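Read off the chains here:
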Amino acid sequence: MKIAIMTDTSAGITPDEAVARQITLLASPIMFGNRQYHEYEDLSPADYYRLLRLTKTNKLIPTAPQISMQTIQATCDQLAEQGVTDVIVIGPAGGISGFINTLGAYAENITSLHVWPWDSRGILTTMGDQARLAAALMEQGATVQVILDQLAVLRQTTHVGFVVDSIKPLLRTGEVNPSHSPGSTPLLAGKPLLIFENSGKIRVAGSALRLKGALNDLLDLLEPELTTSAPVKATILNADQPETAEQWMMAAHDRFPQVEFDVALIGPSFGVHVGDGAMGLAWSRNYQALLNADDEK
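What counts as what
Residues numbered from 1 in each chain as written. Predicted model: local features only at pLDDT ≥ 70, side-chain atom pairs only at ≥ 80, totals over all residues. Heavy atoms only, no water. UniProt positions renumbered as here; feature names shortened; annotations may be inferred. Salt bridge = Lys/Arg side-chain N within 4 Å of Asp/Glu carboxyl O. Helix = DSSP H or I, 4+ residues; strand = E, 2+ residues; numbered from the N terminus. Buried < 20%, exposed > 50% of the residue type's maximum accessible area, 1.4 Å probe, protein only. Pairing = 2+ DSSP bridges. Phe/Tyr/Trp six-rings, centres within 6.5 Å; stacked < 30°, edge-to-face > 60°. Lys NZ or Arg CZ within 6 Å of the ring centre and 35° of its normal. Expected span 1.5 Å × (residues − 1). Core = buried A, V, L, I, M, F, W, Y, C linked by side-chain atoms within 4.5 Å. Contact = heavy atoms within 4.5 Å.

The chain appears in an unreviewed UniProt entry as DegV family EDD domain-containing protein from Candidatus Levilactobacillus faecigallinarum. Under the UniProt heading Function (unreviewed entry), the entry covering the chain gives this text: "May bind long-chain fatty acids, such as palmitate, and may play a role in lipid transport or fatty acid metabolism."

### A short note on the pattern of salt bridges
Side chains that differ in sign of charge can pair as their charged atoms come close. For the structure on display, the rule yields 11 salt bridges. Across the pair Lys191 and Asp165 runs a salt bridge, and its minimum N-O distance is 2.4 Å. In this pair, Lys191 sits in strand β8 (residues 191-196) while Asp165 sits in the loop between β7 (159-163) and α7 (168-173), placing the two residues 26 residues apart along the sequence. Take Lys191: its relative accessible area is 22%, and that puts it in the partly exposed class. One salt bridge in this structure joins Glu223 and Arg255, with 3.2 Å as the shortest N-O distance. Here Glu223, found in the loop between α8 (211-222) and β10 (232-238), pairs with Arg255, found in helix α9 (residues 242-255); they are 32 residues apart in sequence, far enough to count as distant. The class of Glu223 is partly exposed, set by a relative accessible area of 39%. On the basis of relative accessibility, which here comes to 30%, the residue Arg255 falls in the partly exposed class. Three or more residues joined by partner-sharing salt bridges are found here, namely Glu17, Arg21, Asp129, Arg132 and Lys233.

### Concerning the pairing of strand β4 (residues 35-38)
Across four bridges, strand β3 (residues 29-32) lies against β4 in antiparallel orientation. Bridge pairing in β4 links Ile30 to Tyr37. As consecutive antiparallel partners, β3 and β4 are separated by two residues, and within that stretch Gly33 has a phi angle of approximately 65°, a positive value.

### Some remarks on the packing of aromatic side chains
Counted by the stated rule, this structure contains six aromatic pairs. Judged by centre distance (6.1 Å) and plane angle (90°), the ring pair of Phe32 and Tyr37 falls under edge-to-face. Judged on exposure class, the residue Phe32 and its partner Tyr37 are both buried. With a centroid separation of 5.7 Å and an interplanar angle of 55°, the aromatic rings of Phe32 and Tyr48 are classed as tilted. Placement of the pair is Phe32 in strand β3 and Tyr48 in helix α2 (residues 45-54), with a sequence separation of 16 residues. Note on accessibility: Phe32 and Tyr48 belong to one class, buried. A network of ring pairs unites the aromatic residues Phe32, Tyr37, Tyr48 and Tyr49 as a single cluster. The ring of Trp118 has Arg155 sitting right over it, with the charged end atom 4.0 Å from the ring centre.

### Some remarks on helix α3 (residues 69-81)
Between the first and last C-alpha of α3 there are 18 Å, a value that for 13 residues agrees with the 18 Å anticipated at 1.5 Å per step. Within the span of α3, buried status applies to Met69, Ile72, Gln73, Thr75, Cys76 and Leu79.

### Examining the nonpolar core
Membership of the largest hydrophobic core comes to 29 residues, with the highest contact counts inside it found for Tyr48, Phe162, Phe196, Ile266 and Phe270. For this core, the secondary structure elements donating two or more residues are β3, α2, β7, β8, β9 (202-208) and α10 (268-274). The biggest single contributor to this core is α2, with four residues. In contact with Phe196, other than residues within four places in its own chain, are Ala93, Ile96, Arg121, Ile123, Val160, Phe162, Lys201, Ile202 and Phe270. Of all hydrophobic cores here, the second largest spans 26 residues; its members include Ala11, Ala136, Ala142 and Leu154.

### Here's the deal with unusual backbone geometry
Despite not being glycine, Leu124 has its phi angle at roughly 55°, a positive value. Looking at where Leu124 falls in the secondary structure, it is placed in the loop between β6 (114-119) and α5 (125-140). Given a relative accessible area of 4%, Leu124 falls into the buried group. The backbone phi angle of Asp240 is positive, close to 60°, even though this residue is not glycine. Residue placement: Asp240 occurs in the loop between β10 and α9. Taking the relative accessible area as the measure of exposure, Asp240 reaches 25% and is therefore partly exposed.

Below, the structure is given as structure tokens:
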């Protein structure tokens, strides 16, 4: 048995990192009008947000179509030619993308190897850390079942929350159901605060008048996770907001100095859902704790 790990750029993994970790990385497509780009290949996060601001005047709305099953088929066939027998495909949360469900229905058409679709129930770093864990376990020689079991452990600790300037992109694409929001008023005043549920779906959790208040709300959600001895890794997510990200980083570290915080950009494939100006916090158990003690990755 020879295993491969496949994911896409919505995991926040760059092509260089994917090569270093032996992860098969697919570039997520992004549409601006009739033109198609590919995340990290010909559309960096900086370029995406620049285009987004330039096209606001003509109301050109970007979208993120699913990676085609033909692309998956061709990639699997290439892996099979290299001797791969099983590929674990780690995708974004089903609440934000139908990719894994589509792959689950299509997988029987791929006969060159065995496909194992995996819904990360997260996005960006929480999805990326599942791919990193799977790749490290693969390198250790773990079986498919061991990898899936450890992914399940990590996935149970995954949390993502974010605050947006406008909920319109998520309403337009159907990722948020206003009836799931708290209280009798579906959309509250201020900046909407949204979280991924354990199922991977997004719901409105409230609102914040200021970004500082949103951070405090998200840190309140993080706090119960710190009652165990398991190490936690948290990431400040930002849609091209470097100054705000730095402020959040300092405030988060001041409140929870025992937590490893880092900063990551919200790339185009998730940026189409949350828009310009979004900020977020993602956290989970540190995946390295699920590896052998002598593993340094």
